[in-house]
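# Survey of secondary and tertiary structure
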Amino acid sequence: MAVALLLAVAGCAGGGAPVTPAPSRAAAPCASKVVQGELPEWARAGFSPDAAPHHVFSSRGDMVAVLFGYPLASPPRPDRGNKILWVSRLPLVPSDPLRIEARLEGAGTPVRTKVSGGPGPSGIDLPRAGCWRLDLSWSSHTDSIDLEYVAPA
């Protein structure tokens, strides 16, 4: 069955060149662990000492997403956007953008966006509620983060 499906997909590609299927990424459970509390020392610039924002760490811990729009919503709420402050633990190349490739449940068609100027303030709207795996690339670094978007009440 899987072979027939693979052959059918390959036959639809056109162009005569063989098609190599992309490796499948198993959808893992959402690993979005939202913390409300003190940020790590490397991410505290601009915050008051008693700040305890909602935030999520990337899988390697090289990026933290400070969620000013918590909870993130799809579609976005009219009174509060999906505001995220991206803070990198690693050195930045000035003006290099933060590139984001997001997939619902870690699979399927990607949604691509970027934050001009690199990690910093942004509004990241995604098309559906659910757990999104965001593959991040910035200043020659890569990491991933899972963010949960809820349907507004």
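In what follows, the structure referred to is the one given above.
Residues numbered from 1 in each chain as written. Predicted model: local features only at pLDDT ≥ 70, side-chain atom pairs only at ≥ 80, totals over all residues. Heavy atoms only, no water.

Attention now goes to the environment of Cys131. Looking at where Cys131 falls in the secondary structure, it is placed in strand β8 (residues 130-138). Assessed through its relative accessible area of 4%, Cys131 is described here as buried. Placed 100 residues apart in sequence, Cys131 and Ala31 show a C-alpha to C-alpha distance of 8.4 Å. Excluding anything up to four places from it in sequence, Cys131 contacts Cys30, Ala31, Arg103, Leu104, Glu105, Gly106, Asp146, Leu147 and Glu148. (Helix = DSSP H or I, 4+ residues; strand = E, 2+ residues; numbered from the N terminus. Buried < 20%, exposed > 50% of the residue type's maximum accessible area, 1.4 Å probe, protein only. Contact = heavy atoms within 4.5 Å.)

Here the focus is the sheet that holds strand β1 (residues 35-36). Taken together, five strands build an open sheet; the order of strands is β1-β2-β3-β4-β7 and the sheet is antiparallel. The open sheet is flanked by β1 and β7 (121-123), the only strands paired with a single partner. Here strand β3 (residues 63-67) pairs with strand β4 (residues 83-88) via five bridges, running antiparallel. Its bridge partner being in β4, Val66 is matched across the sheet by Leu85. (Pairing = 2+ DSSP bridges.)

So, about the pairing of strand β2 (residues 54-57). Alignment of β1 against β2, held across two bridges, turns out to be antiparallel. Paired with Gln36 across the strands is His54, a residue of β2. Relative to β3, β2 is paired through three bridges, and the arrangement is antiparallel. Looking at β3, one finds that Phe57 is bridged to Val64.

A separate point is the environment of Thr142. For Thr142, the position within the fold is in strand β9 (residues 141-149). Take Thr142: its relative accessible area is 43%, and that puts it in the partly exposed class. Residue contacts for Thr142: discarding those within four places in its chain leaves Arg60, Leu136 and Ser137.

Take the packing of aromatic side chains next. The geometry of an aromatic ring pair comes down to the distance between the two centres and the angle between the two planes. Tallied over the full model, the rule gives one aromatic pair. Where Phe47 meets Phe68, the ring centres are 6.1 Å apart and the plane angle is 5°; that geometry is what we call stacked. Within this pair, whereas Phe47 is found in the loop between β1 and β2, its partner Phe68 is found in the loop between β3 and β4, the two being separated by 21 residues in sequence. You can call Phe47 partly exposed: its relative accessible area is 22%. Since its relative accessible area comes to 46%, Phe68 is described here as partly exposed. (Phe/Tyr/Trp six-rings, centres within 6.5 Å; stacked < 30°, edge-to-face > 60°.)

Omega for the bond connecting Tyr70 with Pro71 falls within 30 degrees of zero, at -10°, which places this linkage in the cis form. With respect to the element layout, Pro71 can be found in the loop between β3 and β4. With a phi close to 75°, Ser95 is a non-glycine residue in the positive phi region. Within the secondary structure, Ser95 sits in strand β5 (residues 95-104). Residue Glu105 is not a glycine yet carries a positive backbone phi of 55°. Relative to the assigned elements, Glu105 resides in the loop between β5 and β6 (111-117).

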